[in-house]
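Architecture at a glance
Listed below are the residues making up each chain.
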Amino acid sequence: MDKKENAVLTVVGKNDIGILATVATSVAEAKGNVVQVSQIVMDDFFTMNMLIDVTDLACTIHQLEGSIKEKLPETEVHLMHDNIFSAMHSI
Amino acid sequence: MYNMNDVMETISMIRDNNLDIRTTTMGISLLDCADSDIDRACVKIYDKICRLAGNLVSTADSIGEKYGIPIVNKRVSVTPIAMLAGISGGDPVKYALALDKAAHEIGVDFIGGYSALVQKGFSAGDRELIESIPRALSETELVCSSVNIGSTKAGINMDAVKLMGQKVRETAEITADRQCIGAAKLVVFCNAVEDNPFMAGAFHGVGEADHVLSVGVSGPGVVRNVLAGMPDDAPLNEVAETIKKTAFKITRVGQLVGSEAAAMLDTQFGIVDLSLAPTPAIGDSVAHILEEIGLEQCGAHGTTAALAMLNDAVKKGGVMASSSVGGLSGAFIPVSEDDGMISAARAGTLSIEKLEAMTAVCSVGLDMIVIPGDTTAEVISAIIADEAAIGMVNSKTTAVRVIPAIGLKSGEELNFGGLLGYGPVMNLRSQSPAKMINRGGRIPAPLQSLKN
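Residues numbered from 1 in each chain as written. Chains lettered and ligands numbered in written order. Predicted model: local features only at pLDDT ≥ 70, side-chain atom pairs only at ≥ 80, totals over all residues. Heavy atoms only, no water.

1. Focus: the overall build of chain B
Spelled out, the test is: Secondary structure elements follow DSSP: runs of H or I no shorter than four residues count as helices, runs of E no shorter than two count as strands, and numbering proceeds from the N terminus. Here's how the labels work: a residue is buried when its accessible area is under 20% of the maximum for its type, exposed when over 50%, partly exposed in between, all with a 1.4 Å probe on protein chains only. The contact definition used throughout considers only heavy atoms, calling two residues in contact when any of these lie within 4.5 Å. In these tables, accessible area is a Shrake-Rupley quantity obtained with a 1.4 Å probe, and a residue counts as shielded only by the protein chains included in the view.
Of the regular secondary structure elements, chain B holds 15 helices and 13 strands. Considered along the principal axes of its C-alpha atoms, chain B spans approximately 60 × 55 × 50 Å. In chain B, which comprises 452 residues, the proportion classed as buried is 62%. Considering only residue pairs separated by 6 or more positions, chain B has 79% of its internal contacts joining residues 24 or more positions apart. For chain B, the computed accessible surface area is about 16,100 Å², with 50% contributed by carbon and sulfur atoms.

2. A short note on the confidence of the model for chain A
Short version of the rule: Confidence scores per residue from the predictor, reported as pLDDT, run from 0 to 100.
With 98% of its residues at a pLDDT of 70 or more, chain A has an overall mean of 88. Per-element mean pLDDT across chain A ranges from 87 in helix α3 (residues 82-89) of chain A up to 92 in helix α1 (residues 19-29) of chain A.

3. Brief notes about the domain arrangement of chain B
Put simply, an interface is often sized by how much accessible area is lost when its parts join up. Residue and element names in this part refer to chain B. Keep this limit in mind: The domain boundaries here were taken from an automatic or database domain assignment. When two components associate, each loses some accessible surface as probed by a 1.4 Å sphere; the sum of these losses over both components is called the buried area. Between Lys or Arg on one side and Asp or Glu on the other, a salt bridge is scored when a side-chain nitrogen of the former is within 4 Å of a carboxyl oxygen of the latter.
As assigned here, chain B comprises domain 1 (22-190) and domain 2 (217-442). Centre-to-centre, using C-alpha coordinates, domain 1 lies 22 Å away from domain 2. Contacts between the two partners involve 43 residues from domain 1 and, on the opposite side, 52 residues from domain 2. For the pair domain 1 and domain 2, the two sides together bury roughly 3,800 Å², of which 69% comes from carbon and sulfur. Joining domain 1 to domain 2, the criterion identifies two salt bridges.

4. Topic: the environment of Val223 of chain B
Residues and elements named next belong to chain B. Within the secondary structure layout, Val223 lies in helix α8 (residues 220-228). A relative accessible area of 2% places Val223 in the buried class. Sequence separation between Val223 and Glu378 is 155 residues, and the spatial gap between their C-alpha atoms is 39 Å.

5. With respect to the side chain of His78 of chain A
Formally: For this analysis, a polar contact is any N or O atom pair within 3.5 Å, provided that within protein one partner can donate a hydrogen and the other can accept it, and provided that sequence-adjacent residues contribute only side-chain to side-chain pairs.
For His78 of chain A, the location among the structural elements is in strand β4 (residues 76-81). A relative accessible area of 7% places His78 of chain A in the buried class. A distance of 3.0 Å separates the side chain of His78 of chain A from the side chain of Glu76 of chain A, its partner in a polar contact. When near neighbours in sequence (up to four residues on either side) are disregarded, His78 of chain A contacts Val8, Leu9, Thr10 and Glu65 of chain A together with Ile11 and Arg15 of chain B.

6. Digging into helix α14 (residues 377-393) of chain B
Residues and elements named next belong to chain B. Basically, it comes down to this: Expected span, for any helix, means 1.5 Å times one less than how many residues it has.
Between its terminal C-alpha atoms α14 stretches 24 Å, which fits the 24 Å expected from 17 residues at 1.5 Å a residue. Burial analysis of α14 places 13 of its 17 residues in the buried class, the great majority of the element. Looking one or two residues past α14, Ser395 carries a phi angle of roughly 50°, positive in sign.

7. Description of the nonpolar core
Residues and elements named next belong to chain B. Stated formally: Think of a nonpolar core as a cluster: buried Ala, Val, Leu, Ile, Met, Phe, Trp, Tyr and Cys residues, connected wherever their side-chain atoms sit within 4.5 Å.
Residues Leu30, Ile49, Tyr95, Tyr114, Ile149 and Leu310 are the most contacted members of the largest nonpolar core, which totals 132 residues. The leading source of residues in this core is helix α9 (residues 236-264), at ten residues. Counting contributing residues per domain, this core is built from domain 1 (22-190) and domain 2 (217-442), each supplying no fewer than three. Residues within four places of Ile149 in sequence aside, it is in contact with Val118, Gln119, Gly155, Ile156, Asn157, Ala160, Val161, Met164, Val188, Phe189, Ile384 and Ala388.

Listed below in structure tokens is the structure:
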């Protein structure tokens, strides 16, 4: 069996109704599986960190990031493969 | 799950501070392409490069997209062509044209290895190749050339030094209508390394495997940004520690990308070159790191000490991060490729003498320095000899890549475009070293060579 591949999504911006729902829908449409989510809302500021299983993703990570960005133009969206975080932040 | 701060730090390094993989370079041995018929050898070279490196660009791009990190350059380095020219005879420029054609076909940015290793003397093909360098660099677009004229073990071949002074000048003259660009693709080394992935000095050493993939990481902007976040009164040992930790993170990315690319291309992973390589882009400057450490401008007194600390800290962090470190590994100081150096040179703060002192404590040497167009070949040879002496005595790699700005005087500027950047003509001493250079012969190997 192939090794699982994960990606980390971060969304930062002004809080609004349906951000999490929008993201989750886009991820599901691209055949990604949400593994873990943490979100903090302070005053009006929304920060979300989501671990997504992208092993069977129907598009590239870059394309998924693009489609989420398109739906949430008011927020800052970054989606990156988690290998890069584990390389940098663990020994 | 990752710590949010770690995630945001990585994102900001890449998106805001120009962290990138500066180069993925595939080293390819051409020893099995040698042939007594030069035309047949050229066909074999073209075929082998296209076969092994045909997917280099698309692989690098797909990894870049997967990780969201730019891989700026894709390059190929080959066996020093003088060895093939020695076997085939004939006009070595044919090899340069074959390399250029292959490089265009596979879409790489540069191809290095139009090289000769003559630290102790000339063998078959060496002199012919060196003589042909100006023509080769003017008739090709992507070929880079290097010549090793000295080493700690062998001393300095002063006949070669004399010859290279002439060739640097001729190369600039023959490409004078193109901003003297030829000289920007020609490096003269002492203690050249065989696995350097950076241009213009990359070649694939004879001790290397048939084909390997090496990676050069960059990230001066990241280091500078981390230092900018430190208090002004933080002691230098803490500054060094911070640089070390940052270099570790940068190098880990290089290791990740390099090993993945090597696996995809079915080749051996070579080395990670831990170099802080600047670009002319704002915020991607080694000089600005030195200024962040606490100098008003790069070139001020204190620059050498700051650079020595930076260079050492980069190595210490990087060595822990990668299973295989090599190449030049240190901080680069190419004047025309570094926004802060360009400013310092324009202001007159950075002089050639200070740069020479800086090369004693960092990789690599007098790099991308624009010198007056009326500089004689003997003066260029003398610059090469001085720099080679520093490398020879200190058992380190040094190099000279100076660009005589034909027709330009002190204060005027050359502009090469792209990563090669732009820079003002820097002043040199005008007194003649001709008598010494014309003596030729060899500077014997120093006592440091007797280590056995």
